[in-house]
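Here are the chains, one letter per residue:
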Amino acid sequence: MFRIVRNDITRMTTEAVVNTANQHVAVGEGCDSAVYEAAGCEELLAYRRDKIGEVPEGEVFLTPGFRLPAKYIIHAVSPKYVDGEHGEEKLLRSCYRKSLALAKEKGIRSIAIPLIATGSFGYPKEEGMRIAVDEISGFLSENRMEILLVVFDDDSTRLGEKIYPDLEEYIRQNYVEEKKRHFPFPGMPHAGRREDRDTGAGNVCYSQAAMMGESAAPGRPMQKKKAASRPAEVEEDEAALPEIVVNMEVPPEEYGFEEFHESRLDERMRHLSDTFSEYLLYLIRDKHMENAEVYKRAIVDKKTFSKIKNHADYHPQKLTALCLCVGAKLNLDESKDLLARAGYALSPCDKTDIIFSYFIENEIYDMIELDIQLEEHGLPCIIT
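Source: prediction; values computed, not measured. (Residues numbered from 1 in each chain as written. Predicted model: local features only at pLDDT ≥ 70, side-chain atom pairs only at ≥ 80, totals over all residues. Heavy atoms only, no water.)

Peer 1: Before we move on, can you summarise helix H13 (residues 332–340) with the specific residues and values?
Peer 2: Of all the residues in H13, the buried ones are Leu332, Glu334, Ser335, Leu338 and Leu339. Along H13, the residues classed as buried sweep out an arc of 160° about the axis, all on the same side. The N-cap of H13, judged by a side-chain oxygen 3.1 Å from the amide nitrogen of Asp333 a few residues on, is Asn331. (Buried < 20%, exposed > 50% of the residue type's maximum accessible area, 1.4 Å probe, protein only. Helix = DSSP H or I, 4+ residues; strand = E, 2+ residues; numbered from the N terminus. Arc of directions from axis to C-beta. Polar contact = N/O pair within 3.5 Å; in protein donor to acceptor, adjacent residues only side chain to side chain.)

Quick look at the structure:
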């Protein structure tokens, strides 16, 4: 089992915890300092001085947990990040690989691992997460162990505390209330329905395409169908809705239109028929981003991104497409447009879609925090 959790590594009750350790016989910053303080600094430091000594980067060693809830501490001597060109990735992968191998050797059945080297050691967070997931997944493909990847720092904790109450309200407004409007009405056609996994098999939720009298196959643009007859109940409900008024009299100069925006509009019009792949690459260029920056932030595998880049008609899975919306820092309209080119839409009946919508709408482009929120809402995680 592999999960990402937000917690303090020193409070984990697994058999072992991993510490981001210093190569010298000294207490480092961040995770190392917290572990020594919680375990008992004098005892742990004396044990290392007498029985371990200095250890090079990329290597690991075992100590008792002393005052920690965990029985053992596996210390992974982490690399200092310079620029990614000095063997940092190889050393970081070694920290995960050798920590898990040592745990297996000692018969440890559960272990908590911090996001190694992404704090005071300076390793980029998204890249560090990608390496962690890669190594842990590789280990679990051949071994059985409960592995918890622990994300804890001041920034992530503050972000989580800020997000949670706002996200709960957003879900309540966009999911619970919208779901009621999508229950089947008498005479409603069955095309486009899917089971609502939160309310049981008996409640059916209709996709946006079916409600609009449209159909779409993956990778194909939607085509209009003849609209189905509308039940009287729907017309009565719509009659009660407030009228939406769009003010068309805002002076153009306030938006800075003229030549710049006409040029931008012409540019977008030239991409109307783009496939998912073509439009994604256009948006990345338009935002002056690098491809690697996008797929690393999205925590999407480089091979998968290469397939999208090199095959104009490549059809990604929906979760991959959603992650790339985050990676490319798209706004909500851009995200909907990009998803539609792969035959997808953000559904008001799917909590995963609602959570992605919240993050994108609020410009929170943090896949790790998003994955934690999915976990805390009882939904399947993406990274794991």
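Further notes follow.
Peer 1: Can you lay out the sheet that holds strand E1 (residues 2–6) for me, pointing to particular residues and giving the numbers?
Peer 2: In a beta sheet, neighbouring strands pair by backbone hydrogen bonds and run either parallel or antiparallel. If you walk across this open sheet you meet the six strands as E1-E6-E5-E2-E4-E3, and the pairing is mixed. Of all the strands in the sheet, the pair left with one neighbour each is E1 and strand E3 (60–64). Averaged over all adjacent pairs, the angle separating strand axes in this sheet is 25°, with direction ignored. Bridge analysis of strand E2 (residues 16–21) against strand E5 (residues 110–114) gives two bridges, and the strand direction is parallel. Within E5, the position partnered with Val17 by the bridge is Ala112. Against the sheet, helix H2 (residues 41–51) makes contact with E3 and strand E4 (72–77), and its axis sits at roughly 130° relative to E3, the strand it touches most. Set on the sheet, helix H15 (residues 367–376) makes contact with E1 and strand E6 (146–151); between it and E1 the angle comes to about 100°. (Pairing = 2+ DSSP bridges. Axes fitted to C-alpha atoms, helices over the stretch in contact; angles between N-to-C directions. Contact = heavy atoms within 4.5 Å.)

Peer 1: Break down the packing of aromatic side chains for me, citing the residues and quoting the values.
Peer 2: For the structure shown, the criterion picks out six aromatic pairs. Each ring, one from Tyr81 and one from Tyr123, has its centre 4.9 Å from the other, and the planes form 65°; the classification is edge-to-face. Note that Tyr81 is positioned in the loop between E4 and helix H3 (88–105) and Tyr123 in the loop between E5 and helix H4 (125–140), a separation of 42 residues in sequence. Tyr81 gets classed as partly exposed once you look at its relative accessible area, which sits at 28%. Residue classification places Tyr123 among the buried residues on the basis of a relative accessible area of 4%. Consider the rings of Tyr358 and Phe359, whose centres lie 5.9 Å apart with planes at 75°: the pair is edge-to-face. Take Tyr358: its relative accessible area is 4%, and that puts it in the buried class. By the ring-pair criterion, three or more aromatic residues cluster together here, those being Tyr170, Tyr358 and Phe359. Between the NZ or CZ atom of Lys80 and the centre of the ring of Phe121, over which it lies, the distance is 4.8 Å. (Phe/Tyr/Trp six-rings, centres within 6.5 Å; stacked < 30°, edge-to-face > 60°. Lys NZ or Arg CZ within 6 Å of the ring centre and 35° of its normal.)

Peer 1: I'd love a proper account of the nonpolar core, names of residues and values included.
Peer 2: By size, the foremost hydrophobic cluster in this structure holds 80 residues, and its most contacted members are Ile111 and Met129. Looking at this core, the element that brings in the most residues is helix H9 (residues 276–286), giving seven residues. When near neighbours in sequence (up to four residues on either side) are disregarded, Met129 contacts Ile4, Leu115, Leu149, Val151, Ile299, Ile368 and Ile383. Of all hydrophobic cores here, the second largest spans 16 residues; its members include Val5, Ile9, Ala70 and Ala112. (Core = buried A, V, L, I, M, F, W, Y, C linked by side-chain atoms within 4.5 Å.)

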